[in-house]
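Chain and residue survey
So the chains spell out like this:
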Amino acid sequence: MKIKETNKNILIFSVLSVLITWFLNHKMGCGPIIANGLVGVVGALFLPGMLAGAVFTSSFVGMSGLNVIPTLFGTIIGGITVGVVIILTKEIYAGVGGKGGTTAATATLITKTILSLIK
Amino acid sequence: MENILIILIAIAGTTTAYFISIYLNKGPTMGAAVTTLLSGIVFSYMDSELGLTLAVVATTGAYAGMISKKKAPRIWEMIIIGFIVGTISILATSTYVGVGGKLGTIAAISCLSWIGMKKAFNIEIVKETDDAKKKGSLKKGIQSY
């Protein structure tokens, strides 16, 4: 099985984005909004359009509360889930503001379900 | 009073993100991210609970401001979308607390509501074509049929 380069990058950056946002949010005490803003600005500055969008979208998952994603392991599951959802929904509702958030909400709820099954 | 402030901040967030994204040509991610970061920093200096609420609302507005120029070609449309964002934010305070993506979903609902309204009421945003510019025959703005 061969994974396209773009999709592989989306998956890697999604996991990193969720991890960093969650870490800034809960461990560094920045709060979800500043953490999301920081990750989004850095992504937009250094990554090409498509990847920057994926990083910003994934960052929304990292804004989740500890009641939803309580551990670093949860963020990895969340990152993989949101990456897969982004890849599968690239063409749907492109250009509608909030598409990323809806994608993230879907991924977060899937992650929460997976984590509750693992417990 | 608090609700009016929430709606005003939502409009400000939406318009700012759209302005950075479309008018400054920085793209939707940069537009929303800068607005989010600024709101997070500015409102953290305010009264804790109201400040947090306003930061969240501005962020939701910023996500809605990521809409493409094709879907919302005029900046005044952001005022309507911002108003919808503010209203839904007030109504959905206690829904899905802590779930990442909740704010983006509110933004998507707001944008889709406005796009739907435009279709339902046949509101057409007329853009000047090159030919029309030459002839000067087509006016900018809204035309309702």
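Attention in this report is confined to the structure presented alongside it. (Residues numbered from 1 in each chain as written. Chains lettered and ligands numbered in written order. Predicted model: local features only at pLDDT ≥ 70, side-chain atom pairs only at ≥ 80, totals over all residues. Heavy atoms only, no water.)

Before going further, it helps to examine the overall build of chain B. Broken down by element type, chain B carries six helices and two strands. For chain B, the sequential pattern of α-helices and β-strands runs α-α-α-α-α-β-α-β. Residue burial in chain B is summarised as follows: out of 145 residues, 46% are buried. Residue pairs at least 24 apart in sequence account for 63% of intrachain contacts in chain B once pairs closer than 6 positions are excluded. For chain B, the accessible surface area stands at approximately 7,700 Å², while carbon and sulfur atoms represent 64% of it. (Helix = DSSP H or I, 4+ residues; strand = E, 2+ residues; numbered from the N terminus. Buried < 20%, exposed > 50% of the residue type's maximum accessible area, 1.4 Å probe, protein only. Contact = heavy atoms within 4.5 Å. Areas by Shrake-Rupley, 256 points an atom, 1.4 Å probe, with all protein chains shown as cover.)

This next bit is on the interface of chain B and chain A. Taken together, the contacts link 34 residues of chain B with 31 residues of chain A. For the pairing of chain B and chain A, the buried interface totals around 2,200 Å² over both sides, and the portion due to carbon and sulfur atoms is 76%. Remark: the boundary between chain B and chain A carries zero salt bridges. Across the contact surface, chain B and chain A share one residue pair in polar contact (both at pLDDT 80 or more). Going through the elements one at a time, helix H2 (28-43), helix H3 (48-64) and helix H5 (102-120) of chain B are the ones with two or more residues in the side of chain B that touches chain A. Of the residues assigned to the side of chain B that touches chain A, the class counts are 21 nonpolar, eleven polar and two charged. (Buried area = accessible area lost by both parts, 1.4 Å probe. Salt bridge = Lys/Arg side-chain N within 4 Å of Asp/Glu carboxyl O. Polar contact = N/O pair within 3.5 Å; in protein donor to acceptor, adjacent residues only side chain to side chain. Nonpolar A, V, L, I, M, F, W, Y, C, P; charged D, E, K, R; others polar.)

Residue and element names in this part refer to chain A. Relative orientation of the contacting elements helix H4 (residues 72-88) and helix H5 (residues 99-118) amounts to 135°, with a least axis distance of 9 Å. Accordingly, the angle class assigned to the pair H4 and H5 is oblique. By crossing handedness, the relation of H4 to H5 is classed as right-handed. Only Thr103, Ala104, Ala107, Ile110, Thr111, Ile114, Leu115 and Ile118 of H5 make contact with H4, whose side of the interface consists of Phe73, Gly74, Ile77, Gly78, Thr81, Val82, Val85 and Ile86. The class makeup of the residues in the contact of H4 with H5 is eleven nonpolar, five polar and no charged. (Axes fitted to C-alpha atoms, helices over the stretch in contact; angles between N-to-C directions. Parallel < 35°, antiparallel > 145°, perpendicular 65-115°, else oblique. Left-handed = near helix turned anticlockwise from the far one by under 90°.)

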